[in-house]
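Analysis of the macromolecular model
The primary structure of each chain is shown beneath.
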Number of protein chains: 2
Amino acid sequence: MTMNDTRTLRQPVVVDFASTTYARIKPVPVTAVELQGDFWGKRFETVRKATLPSQWDLLESTNRLNNFRRVFGEYDGPFEGLFFNDSDLYKWLEAASWLVARGPDAELEKRIEEGIELIERAQEEDGYIDTYFSVDRRDEKWENLRDLHEMYVGGHLIQAAVAHHRATGKTRLLNIAVRFADMLCKRFGPASDGKVEAIDGHEEIEMALIELARETGHTRYIELARFFIKARGHGLLKGGRFGDAYFQDDVPFDQMEALAGHAVRALYMACGITDLYLETGEEGLLPRLETLWDRLTANRMYITGGVGARHDGEAIGADYELPNSQAYTETCAAIGSMMWCHRMLAATGDARYVDLFEWTLYNGMLPGWSLDGRGYYYVNPLENDGSHRRQDWYYCACCPPNVARTIASLPGYVYGTDAASLYVHLYLDSDAKVDVAGKTVAISQRTQYPWDGAIDISIDADATFGLKLRIPGWSREHAALTSREGQAEAGSRVTLSVNGAAVDATPDANGYVTIERAWKSGDRVRLDLPMSVRVWQTHPKVADNRGRVALSRGPVLYCIEQADMKGIDLDEVYVDPARVAANWEPALLNGVVALKGAAERRAIDSAWEGELYRPFGNPRGDVSATPIDLLAIPYFAWHNRESGPMKVWMNYREA
Amino acid sequence: MTMNDTRTLRQPVVVDFASTTYARIKPVPVTAVELQGDFWGKRFETVRKATLPSQWDLLESTNRLNNFRRVFGEYDGPFEGLFFNDSDLYKWLEAASWLVARGPDAELEKRIEEGIELIERAQEEDGYIDTYFSVDRRDEKWENLRDLHEMYVGGHLIQAAVAHHRATGKTRLLNIAVRFADMLCKRFGPASDGKVEAIDGHEEIEMALIELARETGHTRYIELARFFIKARGHGLLKGGRFGDAYFQDDVPFDQMEALAGHAVRALYMACGITDLYLETGEEGLLPRLETLWDRLTANRMYITGGVGARHDGEAIGADYELPNSQAYTETCAAIGSMMWCHRMLAATGDARYVDLFEWTLYNGMLPGWSLDGRGYYYVNPLENDGSHRRQDWYYCACCPPNVARTIASLPGYVYGTDAASLYVHLYLDSDAKVDVAGKTVAISQRTQYPWDGAIDISIDADATFGLKLRIPGWSREHAALTSREGQAEAGSRVTLSVNGAAVDATPDANGYVTIERAWKSGDRVRLDLPMSVRVWQTHPKVADNRGRVALSRGPVLYCIEQADMKGIDLDEVYVDPARVAANWEPALLNGVVALKGAAERRAIDSAWEGELYRPFGNPRGDVSATPIDLLAIPYFAWHNRESGPMKVWMNYREA
């Protein structure tokens with residue numbers, strides 16, 4: 001079966017909830033929004049001009065593309081790299097598709113076609129495609145689903161194909177994905193249907209299959225995703241050095257009490273299950289997803305939004321296990337969390353999922369990408385001695401193209417709609433045209449966000465709808481990072497006006513304030529989110545953060561870096577939490593708001609020289625304390641200058 | 001060549017420095033000392049009665065012995081387990097040898113002979129032996145020295161053979177080891193000699209070869225060990241997911257600034273290099289070894305003496321990286337450190353190496369062994385939620401037989417001699433006969449050590465020699481755990497008498513106090529080491545231990561365990577460091593000195609419920625503090641009752 005029978009071309013939305021029964025908020029096409037301004041406008045162009053071209057060159061120079069040519073005999077070297085390297089091309093194609101959706105780009109389109117041609121020629125008769133197996137490991141296909149990622153790779157193929165189809169209307173890549181998916185449907189499923197009961201060791205296929213169902217209308221893909229989800233947690237993957245929990249195969253989802261094991265796997269699993277809920281409304285799924293999200297954010301998440309406390313097994317870790325210098329917090333896990341938040345928002349309509357999406361965008365994912373668009377972190381520690389450097393690529397290069405596809409699709413996350421409302425999820429300088437309540441509404445945001453909380457929104461349409469503005473969790477006076485507590489008083493310092501007349505800015509229980517109105521072209525809305533400096537402390541069970549605070553402002557988390565604190569051991573810096581103020585620094589790191597404050601340098605007693613343990617109270621002599629200036633930069637911008645130590649959580653002096 | 005030409009049978013010493021030019025202190029035979037009393041006397045019997053028999057049964061039931069039978073066709077199953085499992089039998093044979101050295105044990109001797117027979121029959125014509133390769137992987141021999149441990153396994157064969165020869169005078173196993181070692185000599189070495197320049201990814205062969213040279217008098221084994229040591233650090237092992245530092249192959253030894261990478265490998269390497277120094281006196285080696293030891297103890301060692309901060313790569317970790325709950329601190333690494341200390345003591349005569357040996361014996365290795373002698377920890381965290389349980393065996397079972405051979409040879413570490421002195425390194429209830437200054441001296445210790453610091457030493461000999469008593473580092477008033485600082489005033493509270501007459505107890509620069517005397521039978525020495533409770537704090541750069549203290553008394557480190565603090569969250573316990581006292585508890589854990597003290601329970605503010613991060617100062621409400629009783633038990637005895645949380649480093653309240 002090919003996709004000539006695709007009934008309607010879908011709009012280029014990242015996740016398509018158009019016909020999804022249980023989605024309360026639908027996303028808008030990635031093409032509906034133009035990112036503007038110095039922050040996101042420039043970064044978006046960086047993806048096009050620097051990130052994608054350099055990644056394509058690396059796909060070529062590292063023989064990832066030759067692995068495909070090898071299958072059809074046009075390359076005779078050995079397979080190179082990791083067994084799941086095909087997915088790097090697929091993620092790149094997904095990113096490139098979101099870009100070409102915006103308009104012609106001859107160079108990018110040429111590369112996309114080149115990539116699709118490689119895939120097409122490498123696909124086997126029966127739909128199978130995985131270049132690691134297609135030449136000299138043909139007998140080993142499907143033999144080690146636990147470790148060898150065939151469906152994970154295929155899932156990324158499907159996501160790329162869906163994106164390409166949505167972006168271009170072309171079916172060439174989609175047909176490849178459909179053939180692959182149909183082969184899966186034929187092979188895997190309940191034993192009672194004569195099929196193989198098996199699951200892949202790395203989740204990804206689940207959300208991909210459901211998205212393919214949305215694209216094609218074929219519910220068999222939802223059924224297969226459902227089979228994989230239900231079959232998990234029963235020990236089908238038995239073994240491996242990290243145990244069943246590594247693959248989320250130790251306990252069935254409906255009994256799972258916390259996300260655990262490999263962080264990216266766990267979060268991709270959660271995405272797939274949320275997609276299953278959105279399509280089926282199956283009872284029990286959503287409460288369980290909410291419980292897992294609450295537990296994750298209340299016990300196992302870094303203040304960056306990052307997930308993954310352990311290098312060993314790339315694992316989430318136990319409750320309150322959040323070491324800073326040894327944090328793993330893979331960039332892909334941050335992206336997995338953002339994808340999950342996007343789906344949970346659709347399922348619940350609750351802005352707290354956008355809160356975390358945005359927070360993770362700035363503080364969990366963005367640090368993984370250098371300012372020049374050509375360097376990436378795989379691992380994102382919150383404290384480092386200066387040895388951790390971004391690389392232009394990795395042997396395991398899952399993160400770089402994952403960053404690319406996320407930034408390339410960011411416009412699609414800014415707005416949402418329901419039958420009678422337009423949701424503003426994210427604030428960023430932009431122009432958009434969105435279909436809402438049967439009309440096309442032009443909406444612009446003029447703002448210096450994330451550096452400034454003043455947002456001027458102009459509406460160009462004559463239409464009646466509710467404009468729903470998210471009041472970010474970080475702007476609430478007393479609430480914690482992800483808490484719903486304190487929402488009632490949240491509007492206390494947020495101000496809002498329509499055409500100059502103040503309106504109540506108190507958000508509803510879902511975190512949005514609604515302006516119901518017959519909008520006229522030229523209407524102007526002004527939202528002011530107070531961007532005071534926030535000083536954070538951590539639950540006392542988190543050993544690494546006792547006696548330490550972190551600073552944020554708006555959605556941006558800060559750190560101190562040696563480049564700004566020359567000659568000072570960052571462990572000797574004690575910030576005065578009451579005396580930190582924001583300052584725009586146009587010459588610093590392409591222009592950032594830096595935090596400046598008063599601090600003390602408390603020298604570590606020289607009696608410690610050469611000693612690790614000493615009797616209590618000794619040394620306890622006078623330790624010199626000298627006043628110093630503190631300068632903190634956005635955490636996402638660290639290590640874009642000379643290398644040196646960095647810390648998010650810094651000592652503080654008691655008032 | 002076989003060992004019919006062995007010229008002299010060696011005494012059963014653990015490491016034989018009899019002809020070693022650069023050894024200042026020589027060990028005594030393991031058979032010279034009988035451990036007595038409830039602490040070590042009973043434990044020694046436990047090795048014989050519980051540990052070795054149960055381990056032999058496990059060698060059999062896990063097919064480790066069948067792997068040998070498989071080579072000569074008497075077992076037709078597949079190879080089972082890890083590629084280096086042969087070494088488990090070898091370590092068991094070493095342990096068993098030290099025991100049969102003490103006198104007949106028909107059951108043990110039968111098993112030893114059975115083991116040796118398996119090895120003899122499995123050895124190949126050319127001396128090769130490794131059951132992982134000897135059947136279906138014959139083409140892969142020596143093909144992957146980086147990962148597959150052939151020389152590591154062979155090193156343990158050699159150590160077992162040397163022990164067996166020393167213990168029994170029998171050459172059967174020694175001949176096997178010599179054939180293996182001679183094959184290595186033929187194959188590996190400088191390319192200029194037409195040999196293969198290669199090294200093993202896991203150090204062990206170096207110290208084994210040098211010991212074989214000591215046993216046989218053949219210096220070619222020292223030459224080969226020297227070749228392996230010098231070839232290391234030049235990237236011969238290139239690759240692997242943890243990088244060259246994992247194997248200590250990133251930098252040559254003479255440029256190494258800190259022990260790093262895989263902890264057991266690094267420490268076994270240090271043992272081999274110390275052995276090389278002891279035999280050759282090569283310039284530069286000893287200062288480098290001392291530098292590495294200083295750096296390790298001052299920056300990278302747990303207060304348990306354990307080494308290894310990371311699960312990932314079983315690695316030592318960076319300076320001040322010492323997480324408690326995620327500590328790796330493999331039991332084998334503690335043993336590696338003890339073996340290194342023993343060699344450094346010989347090289348320098350400095351008691352600080354015995355200080356660490358003893359401290360690691362009680363607090364680094366002993367926790368890895370259950371009180372019943374049948375359970376083992378591979379990983380030794382300093383804090384745990386109660387889920388970490390000793391096991392009776394491991395798939396990778398390097399630790400259990402390593403514990404067995406260490407306890408079985410412990411008598412050999414108690415005393416040492418030089419030309420005119422008898423060193424008392426360790427205090428423990430025991431009777432011994434030691435050759436010193438040409439006479440055989442009977443020496444007994446009557447003591448409740450480690451529970452009590454009173455040691456009554458009786459000498460039964462008419463001989464003139466210096467009795468050198470170690471004044472433990474922990475008994476010094478102001479010094480840190482491993483510091484030499486404060487040694488001058490160290491004797492301030494230590495008292496010493498000979499036949500009731502007080503003598504000066506001030507130790508020399510090497511940490512020993514010497515009683516020079518023409519000893520008469522019946523002379524009595526009394527040493528009183530003050531065993532006050534010690535409260536330890538950690539260098540402020542160790543994030544996990546800020547605001548926390550640990551307790552010790554004598555050589556024993558303490559912890560709190562849920563079983564003694566029922567219903568109390570151990571994170572809520574704040575000890576008053578000034579109010580802790582020792583108490584003998586005969587019914588607790590087979591009899592231990594427990595520490596009892598005053599503490600507060602400070603409830604974690606309920607405002608944290610469900611929150612991980614909150615604005616600074618919020619919550620800061622009144623937190624209830626209630627007085628509670630603290631009971632701390634020896635860390636080595638944790639988890640010998642019902643499972644529950646445990647902590648070494650506990651919160652303290654300021655006076």
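Predicted model, so just to flag it, every value in this text is computed and none were measured. Numbers given for residues are sequential positions, taken from 1 along each chain in its written order. Chain labels run from A onward and ligand labels from 1 onward, assigned in the order the entries are written. Local features are withheld for residues below a pLDDT of 70 in this predicted model, meaning they are given only at 70 or higher, and side-chain atom pairs are given and counted only at 80 or more; totals for whole chains, interfaces and linings count all residues. Each side-chain value is derived from all of the structure's non-hydrogen atoms; neither hydrogens nor water enter the calculation.

On the chain B side, the residues contacting the 54 residues of chain A number 55 residues. The contact between chain A and chain B buries some 4,500 Å² in all, and 53% of this surface belongs to carbon and sulfur atoms. What counts as a salt bridge is simple: a side-chain nitrogen of Lys or Arg found within 4 Å of a carboxyl oxygen of Asp or Glu. Linking chain A with chain B are four salt bridges, by the criterion used here. Between K541 of chain A and D569 of chain B there is a salt bridge; the shortest N-O distance is 2.6 Å. Secondary structure elements with two or more residues in the side of chain A that touches chain B: α11 (285-299), β14 (533-538), β15 (548-553), β19 (613-615) and β22 (650-652) of chain A. Of the residues forming the side of chain A that touches chain B, the biggest block, five residues, is contributed by β14 of chain A. Classes in brief: Ala, Val, Leu, Ile, Met, Phe, Trp, Tyr, Cys and Pro nonpolar; Asp, Glu, Lys and Arg charged; the others, Gly included, polar. Considering only residue class, the side of chain A that touches chain B consists of 25 nonpolar, 14 polar and 15 charged. Pairing of β14 of chain A with strand β19 (residues 613-615) of chain B, which is carried by three bridges, proceeds in the antiparallel orientation. Looking at β19 of chain B, one finds that T538 of chain A is bridged to Y613 of chain B. Note on contacts: a residue pair qualifies if any of its non-hydrogen atoms lie within 4.5 Å across the two residues. When two components associate, each loses some accessible surface as probed by a 1.4 Å sphere; the sum of these losses over both components is called the buried area. By the criteria applied, helices consist of DSSP H or I runs no shorter than four residues and strands consist of E runs no shorter than two, each listed in order from the N terminus. Here, strands pair whenever DSSP counts at least two bridges between them.

Membership of the largest hydrophobic core comes to 235 residues, with the highest contact counts inside it found for W340 and L467 of chain A. Sequence-distant contacts of W340 of chain A, that is, excluding residues within four places in its chain, are made with L259, L267, A270, C271, T274, L289, L292, W293 and L296 of chain A. Here the nonpolar core consists of buried residues drawn from Ala, Val, Leu, Ile, Met, Phe, Trp, Tyr and Cys, with membership extended through side-chain atoms lying within 4.5 Å. Only protein chains enter the area calculation, which uses a 1.4 Å probe; residues under 20% of their type maximum are buried, those over 50% are exposed, and those in between are partly exposed.

Here the bond from Y449 of chain A into P450 of chain A is cis, since omega is 10°, no more than 30 degrees from zero. Relative to the assigned elements, P450 of chain A resides in the loop between β7 (439-447) and β8 (454-460). A positive phi angle, close to 70°, is found at N63 of chain A, a residue other than glycine. Topologically, N63 of chain A is positioned in the loop between α1 (37-61) and α2 (64-71). Under the relative-accessibility criterion, N63 of chain A is labelled buried at 12%. Although it is not a glycine, N590 of chain B adopts a positive phi angle of roughly 70°. Judged by relative accessible area, N590 of chain B falls into the exposed class, the value being 67%.

This brings us to the domain arrangement of chain A. Residues and elements named next belong to chain A. Residue ranges assigned to the domains are those given by an automatic or database domain assignment. Here chain A is described as being made up of domain 1 (3-219 + 228-413), domain 2 (417-528) and domain 3 (536-652). Summarising the inter-unit geometry, the C-alpha centres of domain 1 and domain 3 are found 35 Å apart. With 28 residues of domain 1 at the contact, the number on the domain 3 side is 28 residues. If you sort the residues of domain 1 by the area they bury against domain 3, I303, Y320 and L371 come out on top, with a joint share of 26%. At the surface where domain 1 touches domain 3, the tally comes to two salt bridges. Across the salt bridge formed by K647 and E383, the nearest N and O atoms sit 3.3 Å from each other. Each polar contact in these results corresponds to two N or O atoms within 3.5 Å; when the atoms are within protein, one needs to be able to donate a hydrogen and the other to accept it, and residues that are neighboring in sequence are counted only if both atoms are side-chain atoms. At the junction of domain 1 with domain 3, the criterion picks out 16 residue pairs in polar contact (both at pLDDT 80 or more). Contributions of two or more residues to the side of domain 1 that touches domain 3 are made by α1, α13 (352-365) and β3 (383-384). Per-element tally for the side of domain 1 that touches domain 3: the top contributor is α13, with four residues.

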